[in-house]
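# Structural overview
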Amino acid sequence: MDFQPLLAVPEQSVGKPLWFIFQGSHLLVNNAGESIKLPDDKTLELFANFILRRHVIGQIEGRICYGIEVSTEALPPPGHSYVGLRSLFGRADDSLLSLAGRTFQIIDWDRTHVYCGRCGTPTMLHSHERARICPSCKLIVYPRIAPVVMGLIIRGQELLLARSPQFAPNVYSAIAGYCEPGENLEVALKREIHEEVGVEVGNLQYFRSQSWPFPHSLMVAFTCHYQSGTLVLQPGEIEDARWFSMNDLPLLPHPVSIARQLIDATLVLMNSRHHALH
Ligand SMILES: [Zn+2]
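A few points on the structure. (Residues numbered from 1 in each chain as written. Predicted model: local features only at pLDDT ≥ 70, side-chain atom pairs only at ≥ 80, totals over all residues. Heavy atoms only, no water.)

## Some details on the layout of surface pockets
Rules: Residues are called lining when one of their atoms sits within 4 Å of a cavity or pocket point, these points coming from a 1 Å grid over the protein atoms alone, where a cavity is a set in which a 1.4 Å probe fits but cannot get out and a pocket is an open set with protein on both sides within 12 Å along at least five of seven lines. Grid points are joined across faces, edges and corners, and a volume is the space filled by probe spheres set on the points. Every helix listed is a DSSP run of H or I at least four residues long, and every strand listed is a run of E at least two residues long, numbered separately from the N terminus. Amino acid classes used here: Ala, Val, Leu, Ile, Met, Phe, Trp, Tyr, Cys and Pro are nonpolar; Asp, Glu, Lys and Arg are charged; the rest, including Gly, are polar.
In this structure, the largest pocket occupies an estimated 1,000 Å³ of space. Lining the largest pocket are 35 residues, with R86, S164, Q166, F167 and W212 sitting closest to its centre. Elements represented by at least two residues in the lining of the largest pocket include exactly β10 (146-155), β11 (158-163), β12 (175-178), α3 (185-197), β13 (200-212), β14 (217-228) and α4 (258-277). Considering only residue class, the lining of the largest pocket consists of 19 nonpolar, nine polar and seven charged. What the second largest pocket holds in volume is close to 650 Å³. Every element with two or more residues in the lining of the second largest pocket is listed here: β1 (3-5), α2 (94-111), β13 and α4. Tallying contributions element by element places α2 first for the lining of the second largest pocket, with seven residues. Here the residues of the lining of the second largest pocket are counted per class, giving 15 nonpolar, seven polar and five charged.

The following block contains the structure:
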C-alpha cells in the first residue's frame, strides 16, 4: 500500500474519493454485495446535513481518503450498515482495514480535543500539521498514540499464554500492557510480565509492530525467554495463564492480530529448531 498522509486536497487529484464515514466508533459500509465496500458519493450527499467533522486523511493511488463523522440522525441507506472495525476482520481487505483504523484514530482524537486541556478555550485545527491548537494559550495537541508492549514467553518447547477477562471465551494470548511514562519498551515489557504473571524474562527479540485502533494503540511485539519465577497471576488482569506445549495449544486470537502472527511465527521457528535437533 502506497499511502501518503495529507491535510488538504492537492491541486491535481485523480480518481474517486474514498469516504470513511463514522458514527461514533462505527464505520458505514456497503455490505449489499459479496465484498464489503465503502459508501459512494451519493451516500455522502444524503448525509450533507449530518456531518459533524470532516478531515482529509491522505491519498492512495490518486484517491483522496476523507474521514467524516456523522450524527446519530444519519440513518444508513438501504444495503448499508454501521459496523465496528473488529467485525471487518477477515471480511474487508487489509488496506481498507488499515485506512479505516487510521481514519478512526484521527476522528476520535479530533472530537476528544475540542477544548484546550490547559485553559479550556475551544481549540482550532492547526494550519499545517495534524494537530489542534489553542488560540488563547497556544497549546498544541497531536493525535495520541499509546505504545503497548507484547511479549511471547518461550520455555523450551512451551509457550506461556494467558487470558484476560475481556478475551473471547477460551482464547489465550501473549502478555501485553501499556508503557508507562519514562519507560523504554524493554523495561516496560519486563515489568508488565512480572506484574501479570510473576516471572522474569530475558533475551528479548523484537518481532514486529502493528497499529491497533482500539482506540489508539501501537502494539510492539517481542519474543522472550523464561528465566526464573513461578506463575503468580495478577488479580483482575489475568484470569488464567499456563505453559502450553507447542503441540497442544488453546484457542488463539484472530489471525489479523499481531498477537496471533507472533505466536504463529514463533511456532514455525520452534518447529524448525525442534526438527534440527532430532
Ligand atoms: Zn489553552
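That covers the picture; the talk isn't over yet.
## Considering the nonpolar core
The line we're drawing: Nonpolar core, defined: a set of buried Ala, Val, Leu, Ile, Met, Phe, Trp, Tyr and Cys residues in which side-chain atoms within 4.5 Å join the residues together. To sort residues, take the accessible area from a 1.4 Å probe on protein chains only and compare it with the maximum for the residue type: under 20% means buried, over 50% means exposed, and anything in between is partly exposed. Working rule for contacts: check all heavy atoms of both residues, and any pair within 4.5 Å makes them a contact.
Core analysis: the biggest nonpolar cluster contains 45 residues, and F20, L27, C65, L88, M150, L159 and L161 have the highest contact counts within it. For this core, the leading source of residues is α2, giving eight residues. Excluding residues within four positions of it along the chain, L27 makes contact with F20, I21, F22, L38, S81, Y82, V83, L85, L88 and A100. Of all hydrophobic cores here, the second largest spans 18 residues; its members include V149, L160, I193 and I238.

## Some points on the coordination of the zinc ion
Counted only if it meets this: Only nitrogen, oxygen and sulfur atoms qualify as donors, and only when within 2.8 Å of the metal (3.2 Å in the case of Na, K and Ca); with water excluded, sites may look incomplete.
Taken together, C116 (SG), C119 (SG), C134 (SG) and C137 (SG) make up the full set of protein donors to the zinc ion, lying 2.3 Å away. When the donor residues of the zinc ion are listed from N- to C-terminus, their spacing reads C-x2-C-x14-C-x2-C. In this pair, C119 is assigned in the loop between α2 and β7 (124-125) and C134 in the loop between β8 (132-133) and β9 (140-141), connecting sequence segments 15 residues apart. The class of C119 is partly exposed, set by a relative accessible area of 38%. In this structure C134 comes out as buried when scored by relative accessible area, which is 0%.

## Side note on the packing of aromatic side chains
What characterises a pair of aromatic rings is the spacing of the ring centres plus the angle enclosed by the ring planes. This is how the line gets drawn: Within 6.5 Å between ring centres, the rings of Phe, Tyr and Trp (the latter by its six-membered ring) count as paired, and their orientation is classed by plane angle as stacked under 30 degrees, edge-to-face over 60, tilted in between. Criterion for a charge above a ring: Lys NZ or Arg CZ within 6 Å of the ring centre, and within 35 degrees of the ring normal.
This model, assessed by the stated rule, comprises eight aromatic pairs. Aromatic side chains Y206 and F222 sit 5.9 Å apart centroid to centroid with 75 degrees between the ring planes, which places their arrangement in the edge-to-face category. Remark: F222 occurs in strand β14 and Y206 occurs in strand β13; sequence separation between them is 16 residues. Under the relative-accessibility criterion, F222 is labelled buried at 4%. Connected via pairs of aromatic rings, a cluster forms that spans F89, W212 and F214. The ring of Y226 carries R155 above its face, with NZ or CZ at 5.5 Å from the centroid.

## Looking at the pattern of salt bridges
In plain terms, the rule: Basic side-chain nitrogens of Lys or Arg form a salt bridge, by our definition, when they fall within 4 Å of a carboxyl oxygen of Asp or Glu.
Taken as a whole and judged by the stated rule, the model has 13 salt bridges. In this structure, E180 and R191 form a salt bridge, with 3.7 Å as the shortest nitrogen-oxygen distance. Of the two residues, E180 sits in the loop between β12 and α3 while R191 sits in helix α3, which places them 11 residues apart along the sequence. By relative accessible area, which is 41% here, E180 ends up partly exposed. A residue is classified by how much of its surface remains accessible, and R191, at 16% relative accessible area, is buried. Ionic pairing is found between R191 and E183, a salt bridge with its closest N-O pair at 2.4 Å. In this structure E183 comes out as partly exposed when scored by relative accessible area, which is 21%.

## Topic: the pairing of strand β6 (residues 80-84)
Convention followed: Each pair of strands is called paired provided DSSP finds at least two bridges between the two strands.
Burial analysis of β6 places four of its five residues in the buried class, the great majority of the element. Pairing of strand β3 (residues 26-30) with β6 involves five bridges; the strand directions are antiparallel. Residue pairing in the sheet places L28 in a bridge with Y82 of β6.

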